[in-house]
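Coordinate inspection notes
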Amino acid sequence: MFAPGTAGVRGPAHEQVLLCQDRTVGLKAVVSVHSTALGPALGGTRFRAYGSSADAVLDSLNLARGMSYKNALAGLPYGGGKAVIIGDPALLKTPGLLHSYGRFVESLAGRYVTACDVGTDTADMDVVGEETDHVVGRSPAAGGVGDPSAATAYGVLQGMRACAAVRWGEPHLRGLRVGVCGLGKVGQHLVGLLTEAGATVLASDIRADAVARTQVRFPEARIVADAKALLDAEMDIYSPCALGGALDRVAVNRLRAPVVCGAANNQLGYAGAEERLVDRDIVYAPDYVVNAGGVIHVAREYSGCSASRSPDRARARAREQMDPIYATTLSILTAAADSGASPSAVADDLAEKRMASPPRI
Ligand code: NAD
């Protein structure tokens, strides 16, 4: 068992960590397998420039652990793993590097199944898939189910409905003001779904092109130019959909919304952030519970599904699979309110119980 940098963390320790190097193509990668208790360790490949190799190892360990919990709570027959490729993808990413990486994934013989993450996309997974079958999130042209962002957004919407049920007694978003921070792949889809659901959307991003795209697609959304100012806006739900750490000390103390529910991974920016949210009577839906739509979507590919030829059928089927996110979020938030524990503590307990007694097949 291997768990440097995770001292004091509860739950099972990591099972395996693989350091990969291929100087001929400039590949340096870390593959972390946290748990295979429920099945092969499924989780994406992050490609980014890290300050040091130690930072990269730690990131892959933390992300892999998070995937075990996310997959367990989503009821998937998969464990958790994550890989990071070290370096700037804009400078380093080549077919040769991705092929070499694919061979490393193949060498794990299915203990680890990869997918896309920050810095990688479906086209990259198509290339990785030329070397290994243990990859999901490929394009429909390559036999995959395609980009998971729409499914992630739909899952977050289900999480918001559960938050609304707990906070206001009705699982509806009609008439609520929702602030979406981060208008990338998930944020754009979420703005559309919220608009459809009758919510008023306040939208913000640090990139002018993301804001402009939102204005064109959803002219009814109200743009808040300064992403930090969104914290001060009158809103019912705050939805972090950018990078991790959105709930830092400033945000947690300044936030005016009584509910937080968003897609971004690792939103809690410091130890004690969630307790402070509880003190302020803010309902927080743990990110790894509500953003599981993407992994639910791509997991289907490993069991042989590919994209449906009918977009309507594909959407209906994907939505059916995302609906349990509503029930899971609702039961976690209700148990937290009843017991006084934080929602993450309740969610972690549930995930650990599932990992400790996998269903017999
Ligand atoms: P993305 O890179 O497409 O979009 C992120 C957006 O956030 C960008 O437009 C960026 O400009 C904006 N942003 C960055 N910093 C910001 C800040 N400080 N304030 C406001 N906006 C800021 O990423 P994505 O695929 O949409 O994913 C969004 C988040 O959801 C990430 O944390 C990701 O890990 C998580 N997530 C995504 C998926 C998925 O299916 N794509 C699944 C699960 C979790």
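Reading the values: rules and limits
- Residues numbered from 1 in each chain as written.
- Predicted model: local features only at pLDDT ≥ 70, side-chain atom pairs only at ≥ 80, totals over all residues.
- Heavy atoms only, no water.
- Helix = DSSP H or I, 4+ residues; strand = E, 2+ residues; numbered from the N terminus.
- Rg over C-alpha atoms; globule rule 2.2 N^0.38 Å.
- Buried < 20%, exposed > 50% of the residue type's maximum accessible area, 1.4 Å probe, protein only.
- Contact = heavy atoms within 4.5 Å.
- Areas by Shrake-Rupley, 256 points an atom, 1.4 Å probe, with all protein chains shown as cover.
- Lys, Arg positive; Asp, Glu negative; His and termini not counted.
- Charge placed at Lys NZ, Arg CZ, Asp CG, Glu CD.
- Near = heavy atom within 4 Å.
- Polar contact = N/O pair within 3.5 Å; in protein donor to acceptor, adjacent residues only side chain to side chain.
- Core = buried A, V, L, I, M, F, W, Y, C linked by side-chain atoms within 4.5 Å.
- Domains from an automatic or database assignment.
- Nonpolar A, V, L, I, M, F, W, Y, C, P; charged D, E, K, R; others polar.
- Pairing = 2+ DSSP bridges.
- Disulfide = S-S within 2.5 Å.
- UniProt positions renumbered as here; feature names shortened; annotations may be inferred.
- Right-handed = clockwise from strand over helix to strand, strands pointing away.
- Phe/Tyr/Trp six-rings, centres within 6.5 Å; stacked < 30°, edge-to-face > 60°.
- Lys NZ or Arg CZ within 6 Å of the ring centre and 35° of its normal.

With that out of the way, let us pick up the overall build of the protein. The number of helices and strands found in the protein is 14 helices and 12 strands. Over its C-alpha trace the protein gives a radius of gyration of 20 Å, about what one expects of a compact globule, namely 21 Å for 361 residues. Counting all 361 residues of the protein, 52% fall into the buried class. Sequence-distant contacts, at least 24 apart, represent 66% of the contacts inside the protein between residues at least 6 apart. Surface exposure of the protein reaches about 15600 Å², of which carbon and sulfur atoms provide 53%. Mean positive and mean negative side-chain charge positions of the protein (36 and 37 charges, respectively) differ by 1 Å.

This part takes up the site of the ligand. Neighbouring the ligand are 20 residues, the closest being Thr-152, Lys-185, Val-186, Asp-205 and Ala-242. At a separation of 3.0 Å, an oxygen atom of the ligand approaches a polar backbone atom of Lys-185. Residue Asn-265 places a side-chain N or O atom 3.0 Å away from an oxygen atom belonging to the ligand. Among the elements of the structure, helix 5 (149–168) and helix 6 (185–196) are those that each provide at least two residues to the shell around the ligand.

What follows covers the nonpolar core. For soluble globular proteins, the rule of thumb is that nonpolar side chains tend to be buried together. Met-160, Leu-173, Val-180, Leu-190, Leu-194, Ile-237 and Cys-261 are the most contacted members of the largest nonpolar core, which totals 49 residues. Secondary-structure elements contributing two or more residues to this core are helix 5, strand 7 (177–181), helix 6, strand 8 (200–204), helix 7 (208–217), helix 11 (293–302) and helix 13 (324–339). For Met-160, the contacting residues outside a window of four places in its chain are Leu-173, Val-178, Leu-190, Leu-194, Ile-237, Ser-239 and Cys-261.

You can read the domains of the protein as domain 1 (16–135) and domain 2 (149–291 + 326–354). One C-alpha centre belongs to domain 1, the other to domain 2; they are set 27 Å apart. With 9 residues of domain 1 in contact, the opposing surface of domain 2 contributes 13 residues. On inspection of domain 1 and its partner domain 2, the count reaches 5 residue pairs in polar contact (both at pLDDT 80 or more). Here the side of domain 1 that touches domain 2 takes 6 residues from helix 1 (residues 53–73), the largest share from any one element. Among the residues forming the side of domain 1 that touches domain 2, the class breakdown is 5 nonpolar, 1 polar and 3 charged.

Moving on: the sheet that holds strand 8. Sheet strands pair by backbone hydrogen bonding; their relative direction is either parallel or antiparallel. Strand order in the open sheet made by the 6 strands is 9-8-7-10-11-12, with parallel pairing throughout. If you trace the sheet from one side to the other, it starts and ends with strand 9 (222–223) and strand 12 (283–284), each paired once. Pairing between strand 7 and strand 8: 5 bridges, direction parallel. Along strand 8, the bridge assignment pairs Val-178 with Val-201.

Moving on to the side chain of Asp-205. The topology assignment puts Asp-205 in the loop between strand 8 and helix 7. A distance of 2.6 Å separates a polar side-chain atom of Asp-205 from the backbone nitrogen of Leu-183. A polar contact is formed between the side chain of Asp-205 and the backbone nitrogen of Arg-207, at a distance of 2.8 Å. Beyond its immediate stretch of four places on either side in the chain, Asp-205 contacts Gly-182, Leu-183, Gly-184, Ala-210, Val-211 and Ala-225.

Here the focus is the state of the cysteines. Under the defined criterion, the tally for this structure stands at 0 disulfides. Summary of cysteine pairing: Cys-241 is not part of a disulfide, and the nearest cysteine sulfur, belonging to Cys-181, is at 8.1 Å. By relative accessible area, which is 10% here, Cys-241 ends up buried. A disulfide-free cysteine, Cys-261 has its sulfur positioned 4.3 Å from the sulfur of Cys-163, the nearest such atom.

Moving on, we get to the UniProt feature "active site" (unreviewed entry) in the protein. Those residues carrying the UniProt feature "active site" (unreviewed entry) are Lys-82 in this numbering. Tracing the sequence through the fold places Lys-82 in strand 5 (residues 79–86). Residue classification places Lys-82 among the buried residues on the basis of a relative accessible area of 4%.

Moving on to the side chain of Thr-45. If you trace the backbone, Thr-45 turns up in strand 4 (residues 45–48). Excluding residues within four positions of it along the chain, Thr-45 makes contact with Ala-83, Ile-85, Tyr-101, Tyr-112, Thr-114, Ala-115, Cys-116, Asp-117, Val-118 and Thr-120.

Judged by which residues are buried, strand 10 (residues 237–240) turns out to be covered on both faces: Ile-237 and Ser-239 on one side and Tyr-238 and Pro-240 on the other are all buried. Pairing geometry for strand 7 and strand 10, over 4 bridges, is parallel. If you follow Gly-179 over to strand 10, its bridge partner there is Tyr-238. As judged from the 2 bridges shared by strand 10 and strand 11 (residues 259–260), these two strands associate in the parallel manner. Paired with Tyr-238 across the two strands is Val-260, which belongs to strand 11. A crossover links strand 10 with its parallel partner strand 11, the connecting element being helix 8 (residues 249–254), and its sense is right-handed.

On to the packing of aromatic side chains. Aromatic ring pairs are defined here through the distance separating the ring centres and the angle between the ring planes. Throughout the structure, instances matching the rule amount to 1 aromatic pair. The ring centre of Tyr-50 lies 4.8 Å from the NZ or CZ of Arg-48, which sits over that ring. Arg-161 extends its terminal NZ or CZ atom over the ring of Tyr-326, reaching a point 4.5 Å from the ring centre.

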